[in-house]
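Spelled out from the first residue to the last, the chains are:
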Amino acid sequence: MGHVNNANYLNWVQDAVIAHWEKIAPPQAVAAHLWVALKHEITYRKPAFLDDEVIATVILEKVHGARAFYDTVITRGEEVLAEVKSSWCCIDAETLRPARLAEDIKRAFLGNCAAAD
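Throughout what follows, the structure given in this document is the object of discussion. (Residues numbered from 1 in each chain as written. Predicted model: local features only at pLDDT ≥ 70, side-chain atom pairs only at ≥ 80, totals over all residues. Heavy atoms only, no water.)

**Focus on the packing of helix α1 (residues 6–24) against helix α3 (residues 103–110)**
Between two packed helices, both the angle of their axes relative to each other and the distance between the axes serve to describe the pair. Heads up, the condition is: Axis definition: a line fit to C-alpha positions, over the contact stretch in the case of helices; interaxial angles, taken between N-to-C directions, run 0 to 180 degrees. A run of DSSP states H or I qualifies as a helix once it reaches four residues; a run of E qualifies as a strand once it reaches two. Both are numbered from the N-terminal end. Geometric relationships in this document are graded by angle, where less than 35 degrees denotes roughly parallel, more than 145 denotes roughly antiparallel, 65 to 115 denotes roughly perpendicular, and other angles denote oblique. Here a crossing is taken to be left-handed if its near helix is turned anticlockwise relative to the far helix by less than a right angle, and right-handed if that turn runs clockwise. The contact criterion used throughout is that any non-hydrogen atoms of two residues lie within 4.5 Å.
Interhelical geometry of α1 versus α3 gives an angle of 120° and a closest axis separation of 9 Å. In this view, α1 runs oblique relative to α3, as classed from their interaxial angle. Considering the relative orientation of α1 and α3, their crossing is right-handed. In this structure, α1 uses His20, Trp21 and Ile24 to contact α3, whose residues at the interface are Ile105, Ala108 and Phe109.

**Notes on the environment of Arg76**
Applied cut-off: The term polar contact refers here to a pair of N or O atoms within 3.5 Å; inside protein, the definition further demands a hydrogen-donor-capable atom paired with an acceptor-capable atom, and it admits residues adjacent in sequence only when both atoms are side-chain atoms.
With respect to the element layout, Arg76 can be found in strand β3 (residues 67–76). Measuring from C-alpha to C-alpha, the distance between Arg76 and Leu50 comes to 12 Å, with 26 residues separating the pair along the chain. In this structure, Arg76 is in contact with Pro47, Ala48, Phe49, Asp52, Glu53 and Leu81, ignoring residues within four places of it in sequence. For Arg76, the side chain forms a polar contact with the main-chain oxygen of Pro47, separated by 3.0 Å.

**Looking at unusual backbone geometry**
Note the cut-off: To sort residues, take the accessible area from a 1.4 Å probe on protein chains only and compare it with the maximum for the residue type: under 20% means buried, over 50% means exposed, and anything in between is partly exposed.
For Leu96, which is not a glycine, the phi torsion comes out positive at approximately 60°. With respect to the secondary-structure elements, Leu96 resides in the loop between β4 (79–92) and α3. Its relative accessible area of 57% is what places Leu96 among the exposed residues.

**Comments concerning the sheet that holds β3**
Worth spelling out the cut-off: By this definition, two strands are paired if DSSP reports at least two bridges between them.
Strands sit in the order β1-β4-β3-β2 across an open sheet of 4 strands; the sheet is antiparallel. Every interior strand has two partners, whereas the edge strands, β1 (33–44) and β2 (55–64), have only one. When strand polarity is set aside, the average angle formed by the axes of neighbouring strands in this sheet is 25°. Where β2 meets β3, 9 bridges bridge the pair, whose relative direction is antiparallel. Within β3, the residue paired with Ala56 across the bridge is Ile74. Contacting β1, β2 and β3, α3 crosses the sheet at an angle of about 145° to β2.

Rendered as structure tokens:
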């Protein structure tokens with residue numbers, strides 16, 4: 001049918017969430033932590049096609065323990081193609097075990113979002 005596979009949406013969300021983390025967090029935190037997707041809930045509004053240029057906009061809703069909760073909106077121009085709610089687990093890059101963020105990193109990461117544990 002010419003539209004993209006569901007995996008494309010997941011890749012867009014993953015790329016956007018990781019880019020958000022890498023842009024906001026200090027370099028030492030980026031090096032020390034990895035993020036693993038735990039859950040995605042996608043609401044499809046309109047199909048995306050193979051040659052579409054899309055934008056994935058992320059909003060960090062809250063951080064609770066080692067988990068972060070995001071809302072992502074995928075658009076093509078002014079059209080909303082999909083809305084995605086996802087949860088992610090912060091992993092210590094060395095031990096590969098779940099890791100809570102330090103309070104100063106959490107504050108920088110959350111920015112204006114006041115929802116933290």
